[in-house]
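As a plain string of letters, each chain reads:
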Amino acid sequence: MTLHAISIKVNGQFRAATVTSQMTLLQFLREILRLTGVKDGCAEGDCGACTVIFNGRAVKSCLVLAAQADGAEVLTIEGLNGPDGELHPIQKAFMEMGAVQCGYCTPGMIMTAKALLDANPRPTRGEIRVAISGNLCRCTGYSKIVSAIELAALRIASLKAEDGSWEILGKGKCIHHE
Amino acid sequence: MSSEYPQVNDLIGSRSIRIDAREKVTGQAQYPADLFMPGMLYGRVLRSPHPHARILSIDLSEARALPGVVAALCGDDLPEPGLYGLNFPDQSPLARTGGKVRYVGDGVATVAAQTPQAAEAALNLIRVEYEVLPVVSDMRAAQSPGAPLVHENRPDNILHKAELHHGDIQAGFAGADLIIEGTYVTPLVDHAVLQPEAGLAYIGDDGRVNLWVATQWADEDRRQIAEALDIPKERIREVITAIGGAFGRREDISVQIILCFLAIKTGRPVKFVYSRTESMLASTKRHPFEMRYRTGATREGKLTAMEIELLANVGAYASTSLVVLNTAVTLATGAYEVPNVSVEAKAVHTNASVTGAFRGFGSNQPNFSVEMVMSKLADALGMDPVELRRRNILRTGSEMHTGEVLKGGVGGIQSLEAATARAEELGLRPGRHRSSGRRRIGVGLACGCKNIGYSLGWDDHAGAIVEAWPDRAVVKIGACDVGQGSNTVWAQIAASTLKLPLGSVSIARNDSDVVPDAGSSSASRQTFVSGNAVLQASLEVAEKLRALGPNAPDSAFPVIAEVTYHAPKTFPFDSNGQTARPSFGYGFGCQVVELEVDPDTGDVRVLRVVAAHDVGRAINMTNVEGQIEGGYLMSQGYSLTEDYPLKDGRPRATTLAAYMVPTALDAPEIVPVVVEEPDLHGPLGAKGVGEMTMLPTPGAIGAAIHDAVGVWIDELPMSPERILRAMGKL
Amino acid sequence: MSEFDLIIARDLRHLLESLAERPDSRIVAGATDFIPLVGAGKWKPRRVIDITRVQELHFIRRMPGWLCLGPLTTHDEAAESPCIKRIATALAEACASVADPLIRGRATLGGNLCTASPAADSVPAMLALGAELRLASLDGERRLPLEKFLIGPGKTALLPGEVLAEICLPVSPGPVGSGFFKLGRRRAMAISVANAAAWIRVDAGTIFDIRLALGSVAPTVVRCRKAEAALRGRRVIDIEARASEDGDWLGVVRDDISPIDDVRASGAYRRRVAAPLVQRMVAKALERAEIYR
């Protein structure tokens, strides 16, 4: 049984560990790094609660072996806030639109939304539904989640329009992670 | 809460942001699996692979000897009788030598080990000798003489029977111009909560066992843990974590007894997290029902009689089946007034998944049948399906088949009118066949009625403590926020009454050492019962603050009030199912569904939905809409795609890949309509909505499918296969 | 998950050498089948080779007469590639229908082929497109039509020491059109109940050549050869007229399938929907051949 020395940049910080072949990225994040914002809903790729951003793309972290992630860059929900705790527009929009009920799907949904808006800044409601089709929610019926992502897209676009350089400018503004 | 968030002066009816939203969107909310303690052990349970078997022997020696394993135990290590159960104790968390396992997933033995891998390996080293017994897989076969007994200490497999007679059923049919009969069937379905069952237990410095868990009713957990482990309830402290959905699934014991047992036996903290497969195997499901309805109506569309048979599948253990069956009887005629009714209901044991509480609690199944009957009657009479319902829907002054005369807070006609009006604006007209060429589009409508609260004579109550200072307040209440937003409702009620900003009211951690029992988060009761407790306590505190005046010294604070609110009295059935008042309130709803059926494949695509629900008064408008949207979609899954089939008691699949919960692409655009017909007794006129949102959906979808392709599907899920078969294409 | 040794292959040479050394190794790329199947105990590999870093296997190349895809091409890349969308539309559609976007960004075409599920979505498309595969080992290479590669449920013709190195789709001179349809129990994250692909080459108003494939209706994905024979050489306008009627005009498709009952659907249901699905894809392929004339 092989062991692997891995180093992964997680939320901007290099994290190193020795892992077994079987360990998944989800287990690495939750159990070794204690980033429990990344949720385990099934551990077999059917629910999306474990979604993180992996080398710029949203992936189900339960479907990546930790050893495969050596050298990768990972962003989890914990890395989305600004350094002073400022919320990302997507997080704010989820709160304001009532897109959060039990909250268990929420971190995964938000990461999927982030990856979507990074690649497609003005998605239609239909495109949003496709993007989140791998993230199950049992509470909301998805309506307010779609609306929250739509609102976040509008807000991010207007923040970018107001201020091309995209920095914290005070209350109400949020950091955009590249 | 900072001033980042919009300030709303009039909190009641506002769209205030949920007070726990921030911790959930940042990933800081802690669900039980997110907890870690030094020296923590990992608990696992070995579960029966057989639907029905006697345990001849359990050999734990190899498991115990594995390095890293700290304990390996089975039912023989529990005190006698070591049972639990919500209606009565008939279930053991672990099997005993000479005892039985009664469904695939029944607990056999448990281990606690230093790593998850060691715990998993230990399970594989437990040697159990089973004597496989014949499986009782069918409700009808379960009732035949000589059928194997699921529980041998009973004379037969019938757990419970209930009967109801109202009016004169023979006269009712004699006065009918049209009589229709039908059989309706609903399946086993799973709650599929996103967060699998989990908890952590440890022995505190004072020697008491501390349990951190996601549940629906802490006080009842503690009562059952105490009974099963034969320890005083006061020795158990239960703290509620964030909860990842419940819908009734967390009403029954899952990890609680095992965790406390392992913590006591090992003296170490123990964490136990279900896998998804384990969650699907082990936990409760919705009762499958087989229902026969014989209905009479005049040619003017007035219902004259309903003769009803209800058969509910209890599965292996009773859970809440007694009350579920009673609920089904109480709501057997759905949202309508029927002057002559007879109901015969039975709940029968089989070697299947334990069926228990699931959003609707025995009302969904009869409501489906009633709505299909109404749609068929409208069709047979050539009458507008909306008009037929208008002529029969329960109103203030109506007499229910239980004998209760409704006094007020009845939002049936209002929901019907609100739904149809909004649907009309969107161009949706139920029952107007719209197919053009290949596209078969149909629009269907249905209503629903669900009671609020425990009902039938239970003393439904909740305790709340409000503590206030001049600039802030704390609410202490044992109500579990399972995701529906109850904590936010208490904060809004207290803040509004005490004239504080919402951000200045906090809800104390749900810790049994600190907060009073508020009953379960079920029966759509929390806003009503706990809301009244919080309102009354807040009013008392407001009064005390006024009496203190503006110059009170610091030592006068906090001002405290503790209230136990008892809901209006209800009464149990007599032998004819009659009672002056089975429930203190009802919620009504009406949904209009537009869908398309593919005539070659039977595939159904839901296009648009209007869902109007009468909530008395919306305390938080966004959260009420969220209940409507979420409840509709959960019920769409129930109606079209969800099914947990068993073959001779064995589940055919136990993954979320096989269990078809709707995705974002299966969900239509849902238009929620909130109807406010103030309740007579609810806090500020509010009542409940959580379960009502599921009731009209199967009937509306059934009506829409008929509108689209001319067939009635009387069995859920209304699968493509069933649709093609009904169309004569299979 | 059961224990296994894992090697991270650096490049193609390293991969082939590792395979030669331990021919019983299982290859993992996107891991979207690997992790659930190993986790459920259905696969019990002792040695695993990760190939996600073998850049030589990750490409989309347009060559004269061929469109060549590396096995590490993800479903997402295939669904979004303008080249594949234009030349091999059925494959783009099939890849877009798999699972959900999160999985499509990781799951590879090579993995889909080598797992060889009868319900695999890319397979009917590739079969209809006439795919040939290049298999490589340390000893050399060989080429195999896709139909000969998939030999049973979960079984491929890969020999010990071999890896799937390239998927080659022949590109015919136009006009051609292709289409793919997936029938599942829900609209995302669904394993096909039945899926169908059609590829048609039109010449002078007739169906010059045609390939039809059906999945989830037999132990492997099947070519509907009887239906192809019935349509080859027919006039396009005749078939378009039939296609717009209801009914069972390609019922002969049923002769080529042997569907079973499983947790998703019954054999009878699959038998019933097979013809309509193929009929629709014939109509779609013809429509696209017209557009690309």
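Note that the structure is a prediction, hence the values are computed from the model and not measured. (Residues numbered from 1 in each chain as written. Chains lettered and ligands numbered in written order. Predicted model: local features only at pLDDT ≥ 70, side-chain atom pairs only at ≥ 80, totals over all residues.)

1. Quick look at the overall build of chain A
And then number 1: Secondary structure summary: chain A contains five helices and five strands in total.
And then number 2: In chain A, the succession of α and β elements from N to C terminus is β-β-α-β-β-β-α-α-α-α.
And then number 3: Taken over the C-alpha trace, chain A has a radius of gyration of 16 Å; the compact-globule value for 178 residues is 16 Å, and the two agree within 12%.
And then number 4: Seen through its principal axes, chain A has C-alpha atoms that stretch 55 × 35 × 25 Å. (Helix = DSSP H or I, 4+ residues; strand = E, 2+ residues; numbered from the N terminus. Rg over C-alpha atoms; globule rule 2.2 N^0.38 Å.)

2. Focus: the overall build of chain C
And then number 1: The number of helices and strands found in chain C is 12 helices and 14 strands.
And then number 2: For a compact globule of 293 residues, the expected C-alpha radius of gyration is about 19 Å, and chain C comes in at 19 Å, within 12% of that figure.
And then number 3: Reported as C-alpha extents along the three principal axes, the dimensions of chain C are approximately 60 × 45 × 30 Å.
And then number 4: Considering chain C as a whole, with its 293 residues, one finds that 55% of them fall into the buried category.
And then number 5: For chain C, long-range pairs separated by at least 24 residues make up 67% of all intrachain contacts whose partners lie at least 6 apart in sequence. (Buried ≥ 20, exposed ≤ 12 C-beta atoms within 10 Å, placed from the backbone. Contact = placed C-beta atoms within 7 Å.)

3. Some remarks on the interface of chain B and chain A
And then number 1: Opposite the 46 residues of chain B that make contact, chain A presents 40 residues.
And then number 2: At the level of secondary structure, the elements contributing two or more residues to the side of chain B that touches chain A comprise α1 (21-25) and α15 (621-640) of chain B.
And then number 3: Tallying contributions element by element places α15 of chain B first for the side of chain B that touches chain A, with nine residues.
And then number 4: Considering only residue class, the side of chain B that touches chain A consists of 23 nonpolar, 16 polar and seven charged. (Nonpolar A, V, L, I, M, F, W, Y, C, P; charged D, E, K, R; others polar.)

4. Things to note about the packing of helix α10 (residues 364-381) of chain B against helix α16 (residues 697-709) of chain B
All names here are of chain B.
And then number 1: For the pair α10 and α16, the least separation of the axes is 8 Å and the interaxial angle reads 35°. Relative to α16, the crossing made by α10 is right-handed. On the side of α10, the interface is formed by Asn367, Phe368, Glu371, Met372 and Ser375, while α16 contributes Pro698, Gly699, Gly702, Ala703 and His706. (Axes fitted to C-alpha atoms, helices over the stretch in contact; angles between N-to-C directions. Left-handed = near helix turned anticlockwise from the far one by under 90°.)

5. Some thoughts on the environment of Leu502 of chain B
Residue and element names in this part refer to chain B.
And then number 1: If you trace the backbone, Leu502 turns up in the loop between α13 (486-498) and β20 (505-507).
And then number 2: Residue Leu502 is classed as buried on the basis of its 21 C-beta neighbours within 10 Å.
And then number 3: Along the sequence, Leu502 and Arg472 sit 30 residues apart, while their C-alpha atoms lie 9.3 Å from each other.

6. Comments concerning the domain arrangement of chain C
Residue and element names in this part refer to chain C.
And then number 1: Taken domain by domain, chain C holds domain 1 (5-170) and domain 2 (176-291).
And then number 2: Inter-centroid distance (C-alpha atoms) of domain 1 to domain 2 is 24 Å.
And then number 3: At the interface, 23 residues of domain 1 touch 25 residues of domain 2.
And then number 4: Those elements that place two or more of their residues in the side of domain 1 that touches domain 2 are α5 (89-97), α8 (122-128) and β8 (150-152).
And then number 5: Its residues assigned to classes, the side of domain 1 that touches domain 2 comprises 15 nonpolar, four polar and four charged. (Domains from an automatic or database assignment.)

7. Focus on the interface of chain C and chain A
And then number 1: Counting from both sides, the interface comprises 23 residues of chain C and, opposite them, 27 residues of chain A.
And then number 2: Here the side of chain C that touches chain A is built from residues that sort into 14 nonpolar, four polar and five charged.

8. As for the confidence of the model for chain C
And then number 1: In this model, chain C carries an average pLDDT of 95, and 99% of its residues clear a pLDDT of 70 or more.
And then number 2: Confidence metrics for the complex model read pTM 0.97 and ipTM 0.97. (pLDDT = per-residue confidence, 0-100.)

9. Overview of unusual backbone geometry
And then number 1: A cis amide bond, omega -10°, links Glu80 of chain B with the succeeding residue Pro81 of chain B.
And then number 2: For the peptide bond that leads from Leu716 of chain B to Pro717 of chain B, omega is -10°, which places it in the cis range.
And then number 3: Examined against the element boundaries, Pro717 of chain B turns out to sit in the loop between α16 and α17 (720-726).
And then number 4: The residue Asn55 of chain A is not glycine, and still its phi comes out positive at about 50°.

10. Side note on the environment of Glu594 of chain B
Residues and elements named next belong to chain B.
And then number 1: Along the chain, the position of Glu594 falls in strand β22 (residues 586-597).
And then number 2: Judged by local crowding, Glu594 falls into the buried class, with 26 C-beta atoms found within 10 Å.
And then number 3: Separated by 280 residues in the primary sequence, Glu594 and Val314 have C-alpha atoms spaced 34 Å apart.
And then number 4: Among all residues touching Glu594, those that are not within four sequence positions of it are Leu428, Ile441, Val443, Leu607, Arg608 and Ala704.

11. So, the sheet that holds strand β2 (residues 26-28) of chain C
Residues and elements named next belong to chain C.
And then number 1: The strand order β1-β3-β2 describes an open sheet built from three strands, whose pairing is parallel. Each edge of the sheet is formed by a strand with only one pairing partner; in this case those strands are β1 (5-8) and β2. Put simply, the sheet's adjacent strands are angled 30° from each other on average, direction ignored.
And then number 2: In this structure, β1 lies alongside strand β3 (residues 47-50), joined through four bridges in parallel fashion. (Pairing = 2+ DSSP bridges.)

12. Section: the sheet that holds strand β2 (residues 53-59) of chain B
Within a sheet, each strand pairs with its neighbour through backbone hydrogen bonds, oriented either parallel or antiparallel.
Residue and element names in this part refer to chain B.
And then number 1: Taken together, three strands build an open sheet; the order of strands is β4-β2-β6 and the sheet is antiparallel. Whereas interior strands pair on both sides, the edge strands pair on one side only; in this sheet they are β4 (100-101) and β6 (127-132).
And then number 2: Where β2 and β6 come together, six bridges link them in antiparallel fashion. Bridge assignment links Ile55 to a residue of β6, and that residue is Tyr130.

13. Concerning helix α6 (residues 218-229) of chain B
Residues and elements named next belong to chain B.
And then number 1: Taking 1.5 Å of rise per residue, 12 residues should cover 16 Å, and α6 covers 16 Å from first to last C-alpha, within 8% of that figure.
And then number 2: Burial in α6 covers these residues: Ala218, Asp221, Arg222, Gln224, Ile225 and Ala228. For α6, the angular spread of buried residues about the axis comes to 170°, placing them on one side.
And then number 3: Just downstream of α6, Asp230 is the residue with a positive phi angle, here 55°. (Expected span 1.5 Å × (residues − 1). Arc of directions from axis to C-beta.)

14. So, the pairing of strand β3 (residues 51-54) of chain A
Residues and elements named next belong to chain A.
And then number 1: The two faces of β3 match: Thr51 and Ile53 on one face and Val52 and Phe54 on the other face are all buried.
And then number 2: By the bridge criterion, four bridges tie β3 to strand β4 (residues 57-60) in an arrangement that is antiparallel. Considered in β4, the bridge of Phe54 is made with Arg57.
And then number 3: Hairpin connection of β3 to β4: two residues between the antiparallel strands, including Asn55 at a positive phi of 50°.
And then number 4: Bridge count between β3 and strand β5 (residues 73-75): two bridges; the pairing is antiparallel. When the sheet's bridge partners are listed, Ile53 is paired in β5 with Leu75.

15. Points about helix α9 (residues 321-330) of chain B
Residues and elements named next belong to chain B.
And then number 1: The element α9 is extensively covered by neighbouring structure, given that nine of its 10 residues are classed as buried.
And then number 2: If you check which residues of α9 are buried, you get Ser321, Val323, Val324, Leu325, Asn326, Thr327, Ala328, Val329 and Thr330.
And then number 3: Packing partners of the buried residues in α9 comprise β7 (158-166), β14 (303-315), β15 (340-349), α10 and β17 (439-451).

16. Some points on the confidence of the model for chain A
And then number 1: For chain A, per-residue confidence averages 91 on the pLDDT scale, and 91% of positions sit at 70 or higher.
And then number 2: Throughout residues 165-178 of chain A the model reports pLDDT below 50, and contacts reaching past four residues in sequence, or to other chains, amount to 18 contacts.

17. Quick word on the domain arrangement of chain A
Residue and element names in this part refer to chain A.
And then number 1: Annotation of chain A at the domain level lists domain 1 (3-77) and domain 2 (89-162).
And then number 2: Using only C-alpha atoms to locate each centre, domain 1 and domain 2 end up separated by 22 Å.
And then number 3: Tallying the contact residues gives 14 residues for domain 1 and 12 residues for domain 2.
And then number 4: Those elements that provide at least two residues to the side of domain 1 that touches domain 2 are β3 and β4.
And then number 5: Tallying contributions element by element places β3 first for the side of domain 1 that touches domain 2, with three residues.

18. Some words on the packing of α15 of chain B against α16 of chain B
All names here are of chain B.
And then number 1: Packing of α15 against α16 brings their axes to within 8 Å, and their N-to-C directions diverge by 55°. Judged by the angle between their axes, α15 and α16 are oblique. Between α15 and α16 the crossing geometry is right-handed. Along its contact with α15, which presents Tyr632, Ser635, Gln636, Tyr638, Ser639 and Leu640, the element α16 presents Thr697, Pro698 and Ile701. (Parallel < 35°, antiparallel > 145°, perpendicular 65-115°, else oblique.)

19. A few points about the environment of Pro51 of chain B
Residues and elements named next belong to chain B.
And then number 1: As for its position among the elements, Pro51 is in the loop between β1 (41-47) and β2.
And then number 2: Taking the C-alpha atoms as reference points, Pro51 and Asn364, 313 residues apart in sequence, are found 27 Å from one another.
And then number 3: Once residues lying within four places of it in the same chain are set aside, the contact partners of Pro51 are Tyr103, Val104, Val135, Asn351, Asp648, Gly649 and Arg650.

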